[in-house]
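# A structural walkthrough
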Amino acid sequence: MSAQAAPAHATVQAAEQGGVLLKLVIFSLSLGIVPLTSYFASEKYVWNGNSTFAAITAIVAANVVLVAYIISSVRDDKAEREATKPSESRKDR
């Protein structure tokens with residue numbers, strides 16, 4: 001029975017790693033695209049050519065993406081810990 005459980009466990013673990021990799025790629029692309037887009041869009045449409053305020057807008061946008069990634073990672077880690085936590089039985093008390 002354990003010979004069958006090992007490949008199944010490896011398959012589940014590989015699927016989880018694929019999800020983590022996909023999340024990393026999405027946030028990496030967002031970290032490159034969102035600040036650049038917010039800089040040029042805010043410089044042209046919001047700040048009327050003021051590049052200082054547009055740069056501040058881009059910095060805030062980059063920090064928003066970073067904070068979103070950190071929060072997402074912490075929530076995933078917390079959910080993973082709760083899923084792998086063994087259930088408490090009467091014997092353990």
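Note: the structure precedes this text.
This structure is a prediction, so every number in the text was calculated from the model and none was measured.

Okay, the overall build of the chain next. In terms of helices and strands, the chain carries two helices and zero strands. In the chain, which comprises 93 residues, the proportion classed as buried is 12%. Only carbon and sulfur atoms are counted for the fraction: they give 65% of the accessible area of the chain, which is about 7700 Å².

Let us now look at the pattern of salt bridges. As enumerated under the stated definition, the model contains two salt bridges in all. Residues Asp76 and Lys23 are paired through a salt bridge, measuring 2.7 Å at the closest nitrogen-oxygen approach. Within this pair, whereas Asp76 is found in helix H2 (residues 51-84), its partner Lys23 is found in helix H1 (residues 2-46), the two being separated by 53 residues in sequence. Here Asp76 falls in the partly exposed class, since its relative accessible area comes to 42%. Note on Lys23: relative accessible area 15%, which makes it buried. Between Asp77 and Arg81 there is a salt bridge, with its nearest N and O atoms 2.6 Å apart. Of this pair, Asp77 and Arg81 both sit in helix H2, separated by four residues, roughly a single helical turn. Under the relative-accessibility criterion, Asp77 is labelled partly exposed at 33%.

Rules used in this analysis
Residues numbered from 1 in each chain as written. Predicted model: local features only at pLDDT ≥ 70, side-chain atom pairs only at ≥ 80, totals over all residues. Heavy atoms only, no water. Helix = DSSP H or I, 4+ residues; strand = E, 2+ residues; numbered from the N terminus. Buried < 20%, exposed > 50% of the residue type's maximum accessible area, 1.4 Å probe, protein only. Areas by Shrake-Rupley, 256 points an atom, 1.4 Å probe, with all protein chains shown as cover. Salt bridge = Lys/Arg side-chain N within 4 Å of Asp/Glu carboxyl O.

Interpretation note: all reported values are geometric properties and have no functional meaning in isolation.
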